[in-house]
Amino acid sequence: MSKDVVILGGGTGGTMVANHIARTMRNEVRSGEITITQITSSDKHIYQPSFLFVAINHARVQDYTRSQKSLLSTGVNLVVDTATKIDAASNTITLQSGKTVSYDILVIATGAYPDFSSVPGLAEAADNFYTPEGAEKLRDKLLSFEGGKIVITIDVPHKCPVAPMELVFMLDDLYRRKGIRDKVDLLYTYPIGRLHSLEPCANWAAPKFEELGINSEIFFNVESVDPDKKVVKTVEGSEVPFDILISIPAHRGAKVIQESGLGDEGGFIPTNRHLLKAEGHDNIYVLGDATNLPISKAGSTAHYEADVVAENIISELRGLPPSHYYDGKVFCFVEAGLDSATYITFSYDKPPAPVPDSEMIHWFKLAFNEMYWLSVRGML
Ligand SMILES: Cc1cc2nc3c(=O)[nH]c(=O)nc-3n(C[C@H](O)[C@H](O)[C@H](O)COP(=O)(O)OP(=O)(O)OC[C@H]3O[C@@H](n4cnc5c(N)ncnc54)[C@H](O)[C@@H]3O)c2cc1C
């Protein structure tokens, strides 16, 4: 009897897990001892970190889009469909097409999405760079902008915790180069009492904001937005006018997780922090943005987790105990302008310590943007 491994989600985490298992177990796949199936909503795979560069017109969405099929190793069956229900009691997944898929081992890598309906008026008034369409629309506004007030609002949790800060540094640099920085008021806001949830990042950014004249307001929790008057109101009582509002709203776990009763109130799956199994479900692994783990929702997180999940599934299929444990490792480049960047690396136990930003680190970030396609195939 073959063992069926089903991977739900064809983004960064799901693709890495599928390729890792298929490569390592190619003989078992060939002989039919195991099957590997990936179910994902789209036949396209978009590299989301590119949206930051799309927003400032340094990249196009189509340059960072590949067919999902082209990224998968031989031996992975691709099903392009949307899961509408996961029934953990019967080990089955129902798809939008009406089909049902059963599994012995399930990997959930369904990501997270920005919930623009979380605040009244936000969907109508705000721009964003967290979706491909949003980044392209924002690009057109930012490039034709000749002066006024740009307000950035952030709610948690959201993926890539440093991306809003990166955008504000890049906009500062962009408008300096364009010669209109004195006409642009940049206001970066943050919901808690410092500039970033990771304290070392907040401490790294604060003197730079001061030096560059980037304004900030902390304890800034958006209550509503008036799209006609172009004013943001906060829970704390501020009323801030804007010409462009860039919002990163609180994210939620995928609808299928919410509707299958597998998530917490935000739709994130309670997950064992070292073994990456869904709490209470021995044959369900979870990785990437879909987990409820207290660690950044980032592609690098999904990458490190994918190795743990894949290796432990291989052990399980071979009748062995788990051999790999996730330590919370994350690595992120952080742009500090248009041609300078720093990086942070941290884990459950080790806080980040940003190094001084440099042009060389920026080039490493751009290089990784190209190397991603090798990395997601498991060749790096
Ligand atoms: C602007 C921006 C900048 C970023 N910059 C960085 C960065 O510099 N560094 C970094 O490490 N990370 C960065 N990230 C974050 C990174 O892209 C995500 O954390 C990463 O993609 C998470 O991987 P994942 O596999 O968990 O989810 P995703 O890659 O989002 O994949 C989720 C997959 O699940 C599928 N799916 C969802 N629901 C269903 C369903 N019901 N049925 C079938 N399929 C479904 C989706 O179609 C998708 O294929 C950035 C993100 C953004 C938006």
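The structure displayed is predicted, hence computed values, not measured ones.

Visitor: Summarise the nonpolar core; cite the residues concerned and give the values.
Guide: I21, F129, I150, L171 and I246 are the most contacted members of the largest nonpolar core, which has 86 residues in total. The biggest single contributor to this core is helix α7 (residues 163-178), with 9 residues. In this structure L171 touches I56, L142, I150, L186 and I246, once residues within four positions along its chain are discounted. Counting 20 residues, the second-largest nonpolar core is a separate cluster that includes L95, Y103, L262 and I269.

Visitor: Please give an account of the packing of α7 against helix α8 (residues 199-212) that cites residues and values.
Guide: Following both chains from N to C, one finds α7 and α8 inclined at 20 degrees, their axes separated by 12 Å at the closest point. Relative to α8, the element α7 lies roughly parallel. The hand of the α7/α8 crossing is left-handed. Facing M165, V168, F169, D172 and R176 of α7, the residues of α8 in contact are C201, W204, A205, K208, F209 and L212. Tallied by class, residues from the contact of α7 with α8 come to 8 nonpolar, no polar and 3 charged.

Visitor: Before we move on, can you summarise a nonpolar patch on the surface with the specific residues and values?
Guide: A cluster of nonpolar side chains, namely M371, L374, M379 and L380, defines an oily patch on the protein surface of about 390 Å² accessible area. Position of M371 relative to the elements: it lies in helix α11 (residues 359-377).

Visitor: Just give me the short version of the pairing of strand β21 (residues 341-346), but keep the residues and values in it.
Guide: Direction of pairing for strand β20 (residues 330-335) relative to β21: antiparallel, over a ladder of 6 bridges. By the bridge assignment, F331 is partnered in β21 with T345. In sequence, β20 turns back onto β21 through a hairpin of 5 residues, with G337 there showing a positive phi of about 160 degrees.

Visitor: Tell me what's going on with the sheet that holds strand β9 (residues 105-108), and back it up with residues and numbers.
Guide: Taken in spatial order, the 5 strands line up as β5-β2-β1-β9-β19 in an open sheet, and their pairing is parallel. Each of the sheet's edge strands pairs with one partner strand only, and the pair in question is β5 (76-80) and β19 (284-286). Taken over all neighbouring pairs, the strand axes of this sheet differ in orientation by 20 degrees on average, direction set aside. Examined bridge by bridge, strand β1 (residues 3-8) and strand β2 (residues 34-40) share 6 bridges and lie parallel to one another. Looking at the pairing, V5 lines up with I36 of β2. Sitting on the sheet, helix α1 (residues 12-24) touches β1, β2, β5 and β9, and the angle it makes with β2 is about 165 degrees.

Visitor: Can you break down the pattern of salt bridges residue by residue, with the values?
Guide: It is possible for side chains bearing opposite charge to pair when their charged atoms get close. Applying the stated criterion across every chain, the model contains 17 salt bridges. Linking K178 and E146 is a salt bridge whose minimum nitrogen-to-oxygen distance equals 3.5 Å. Highlighted residues: K178 in helix α7 and E146 in the loop between α6 (132-144) and β11 (148-154), separated in sequence by 32 residues. On the accessibility criterion, K178 (37% relative accessible area) is partly exposed. For E146, a relative accessible area of 49% corresponds to the partly exposed category.

Rules used throughout
Residues numbered from 1 in each chain as written. Predicted model: local features only at pLDDT ≥ 70, side-chain atom pairs only at ≥ 80, totals over all residues. Heavy atoms only, no water. Core = buried A, V, L, I, M, F, W, Y, C linked by side-chain atoms within 4.5 Å. Buried < 20%, exposed > 50% of the residue type's maximum accessible area, 1.4 Å probe, protein only. Helix = DSSP H or I, 4+ residues; strand = E, 2+ residues; numbered from the N terminus. Contact = heavy atoms within 4.5 Å. Axes fitted to C-alpha atoms, helices over the stretch in contact; angles between N-to-C directions. Parallel < 35°, antiparallel > 145°, perpendicular 65-115°, else oblique. Left-handed = near helix turned anticlockwise from the far one by under 90°. Nonpolar A, V, L, I, M, F, W, Y, C, P; charged D, E, K, R; others polar. Patch = residues over 30% accessible without salt bridge, like charges linked within 9 Å, V, L, I, M, F, W, Y side chains within 5 Å. Areas by Shrake-Rupley, 256 points an atom, 1.4 Å probe, with all protein chains shown as cover. Salt bridge = Lys/Arg side-chain N within 4 Å of Asp/Glu carboxyl O. Pairing = 2+ DSSP bridges.

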